[in-house]
Amino acid sequence: MSDFSLDLNEDQLQIQKWVHDFAENVMRPAAHEWDEREETPWPIIEEAAKIGLYSLDFVANAFSDPTGLGLPLVMEEVAWGDAGIGLAIFGTTLGVAGLMGNGTPEQIAEWLPQCFGTPDKVALAAFGVSEPDAGSDVSSLRSRAVYDEAKDEWVLNGTKTWITNGGIADVHVLVLSVDPELGSRGHASFIIGPGTPGLRQGQKFKKMGIRASHTAEVILEDCRVPGSWLLGGKEKLDARLARAREGKRTGTQAAMSTFEASRPAVGAQAVGIARAAYEYALDYAKERKQFKKAIIENQAIAFKLADMKTRIDAARLLVWRAGWMAHSGKTFENGEGSMSKLFAGETAVWVTEEAIQILGGYGYVREYPVERWHRDSKIYTIFEGTSEIQRLIISRAISGIHIQ
Ligand SMILES: Cc1cc2nc3c(=O)[nH]c(=O)nc-3n(C[C@H](O)[C@H](O)[C@H](O)COP(=O)(O)OP(=O)(O)OC[C@H]3O[C@@H](n4cnc5c(N)ncnc54)[C@H](O)[C@@H]3O)c2cc1C
């Protein structure tokens, strides 16, 4: 008998169904409204918290599924419900990943519960690396953290941009430069706790898609934080900086370790949007009659659906592989995390566009959800590393050559 199986186990099936029910009954009916309002859907986040979907326990359980499929399964269902609301609920996990990837056990124990709050008083977390002049090129961060030894405090200055939950989060995990000469090896991650003076929200962006998810600038003006808010601690940072100054290896960079861990979960969201559009287009193609027959009876339409389904399944398999590899401690030797995000993101854009085509004019108007899914899908080729950057990672990994 073979050990290999793609069957989900009982626990996974149960969780998948539970999240699906919430996605279908709570998120889907609210999706249009919050897309139009372009505001954070607090009542839905609170509802998710009340049933335990938005909670530290739930995310910790999903994350600790030994197969590595826990989080991807949840994310696919949530994004199937609505990607914008899904990100409003689970954008916190980015901050959580930043904390888990770089914090000491004591820092994690102190801050993790504060990222979620309680069902009566929900909290959000944010993770911020991007700056106006440092998007794909993370090494050119301008925001600075300077140590004030006399007070054992760090003084933070700079502007972060495009930050999911930026300014409305209770816990911000921000990556800043402590030594600009060292490029990305001079970065460090900081926790900035609730209500810290010197941190404020800048402009909130009006977006093409995922409009229920809050995206804004975070501005730091002489923001003073205690020494203990440096993730990983000062001793570790000093040792790392000393190694970098001597030209020695320093291990994974703060921002990169967070993105590596989150890529399969992000890819899974793209799969969820694509699946939503595919299912809708399939039903529609069976119902809609032109020239006295269902439009699906034309190969031109049926073959589109065949290709959509094939690519969605392929994307999911890449996501599951990356999730499984990351969880079982396997190195992404060929950029497998990037492959999953790249392929799933581009699949979602392509599938949702084909779905619009299948619906014709009905695909193009806001009364139907398909145009929204297309708008939502596009972010998956941009954030968490653009498609070009994923290709860069994969091509460097497979060739061993520093492709430019
Ligand atoms: C809705 C939204 C939410 C976001 N949430 C967060 C968040 O929570 N936290 C956070 O830190 N960031 C967040 N981001 C930022 C996001 O990660 C960046 O937008 C992304 O990394 C791209 O950076 P950029 O926009 O500056 O584009 P640029 O880096 O300027 O890229 C512009 C174009 O040039 C291409 N390009 C750049 N360099 C190369 C190269 N070497 N080779 C080939 N092509 C290249 C890119 O692929 C892209 O097509 C978010 C962005 C959006 C829009």
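Calculation criteria
Residues numbered from 1 in each chain as written. Predicted model: local features only at pLDDT ≥ 70, side-chain atom pairs only at ≥ 80, totals over all residues. Helix = DSSP H or I, 4+ residues; strand = E, 2+ residues; numbered from the N terminus. Rg over C-alpha atoms; globule rule 2.2 N^0.38 Å. Buried ≥ 20, exposed ≤ 12 C-beta atoms within 10 Å, placed from the backbone. Contact = placed C-beta atoms within 7 Å. Near = placed C-beta within 6 Å. Domains from an automatic or database assignment. Expected span 1.5 Å × (residues − 1). Axes fitted to C-alpha atoms, helices over the stretch in contact; angles between N-to-C directions. Left-handed = near helix turned anticlockwise from the far one by under 90°. Nonpolar A, V, L, I, M, F, W, Y, C, P; charged D, E, K, R; others polar. Parallel < 35°, antiparallel > 145°, perpendicular 65-115°, else oblique.

### Here's the deal with the overall build of the protein
The number of helices and strands found in the protein is 13 helices and 11 strands. For a compact globule of 404 residues, the expected C-alpha radius of gyration is about 22 Å, and the protein comes in at 22 Å, within 12% of that figure. Here the C-alpha coordinates of the protein stretch approximately 80 × 50 × 45 Å along the principal axes. Considering the protein as a whole, with its 404 residues, one finds that 49% of them fall into the buried category. Pairs at least 24 residues apart make up 74% of the contacts formed inside the protein by residues separated by at least 6 positions.

### Topic: the site of the ligand
Around the ligand sit 20 residues in total, of which Gly135, Ser136, Thr164, Thr386 and Glu388 are the nearest. Mapped by element, the contributors of at least two residues to the shell around the ligand are strand 3 (125-128), strand 5 (153-164) and helix 13 (387-399). Both of domain 2 (125-245) and domain 3 (254-399) provide at least three residues apiece to the shell around the ligand.

### Topic: unusual backbone geometry
One non-glycine residue, Phe291, lies in positive phi territory at about 55°. Non-glycine residue Lys292 carries a positive phi angle of around 65°. Mapped onto the elements of the fold, Lys292 is located in the loop between strand 10 (289-290) and strand 11 (293-294).

### Observations concerning helix 13
With 13 residues, helix 13 extends 18 Å from end C-alpha to end C-alpha; this agrees with the ideal 18 Å at 1.5 Å per step. Trailing helix 13 by a residue or two, Gly400 shows a phi angle of about 70°, which is positive.

### Digging into the environment of Trp80
For Trp80, the location among the structural elements is in helix 4 (residues 70-81). Spatially, the C-alpha atom of Trp80 lies 8.4 Å from that of Glu24, the residues being 56 residues apart in sequence. When sequence neighbours within four positions are dropped, the list of residues in contact with Trp80 reads Ala23, Gly272, Arg275 and Ala276.

### Focus on the packing of helix 11 (residues 336-359) against helix 13
Relative orientation of the contacting elements helix 11 and helix 13 amounts to 145°, with a least axis distance of 9 Å. For the pair helix 11 and helix 13, the crossing hand works out as left-handed. Two secondary-structure elements touch here, helix 11 through Ser338, Met339, Lys341, Leu342, Gly345 and Glu346 and helix 13 through Ser387, Gln390, Arg391, Ile393 and Ile394. Here the residues of the contact of helix 11 with helix 13 sort into four nonpolar, four polar and three charged.

### A short note on the domain arrangement of the protein
Domains assigned within the protein are domain 1 (10-122), domain 2 (125-245) and domain 3 (254-399). Each of domain 2 and domain 3 has a C-alpha centre, and the two are 31 Å apart. Across the boundary between the two partners, domain 2 contributes 11 residues, which contact nine residues of domain 3. In terms of residue class, the side of domain 2 that touches domain 3 is made up of seven nonpolar, four polar and no charged.

### Side note on the environment of Val319
Take Val319: it is sitting in helix 10 (residues 299-327). With 52 residues separating them along the chain, Val319 and Gly267 place their C-alpha atoms 6.2 Å apart. Those residues in contact with Val319, other than ones at most four positions away along the chain, are Pro72, Pro264, Gly267, Ala268, Val271, Ser340 and Ala344.

### With respect to the environment of Glu336
Its place among the elements puts Glu336 in helix 11. With 21 C-beta atoms counted inside 10 Å, the residue Glu336 sits in the buried group. Glu336 sits 325 residues away from Asp11 along the chain, and the two C-alpha atoms are 26 Å apart. Ignoring any residue separated from it by four or fewer positions in sequence, one finds Glu336 in contact with Arg321, Ala322 and Met325.

### Overview of the packing of helix 11 against helix 12 (residues 370-377)
Two elements in contact, helix 11 and helix 12, have axes whose closest approach is 8 Å; the angle formed by their N-to-C orientations is 160°. Here helix 12 runs roughly antiparallel to helix 11, going by the angle between their axes. Viewed along their axes, helix 11 and helix 12 form a crossing whose handedness is left-handed. Touching Ala348, Val349, Thr352, Glu353, Ala355, Ile356 and Leu359 of helix 11 are Val370, Glu371, Trp373, His374 and Ser377, all from helix 12.

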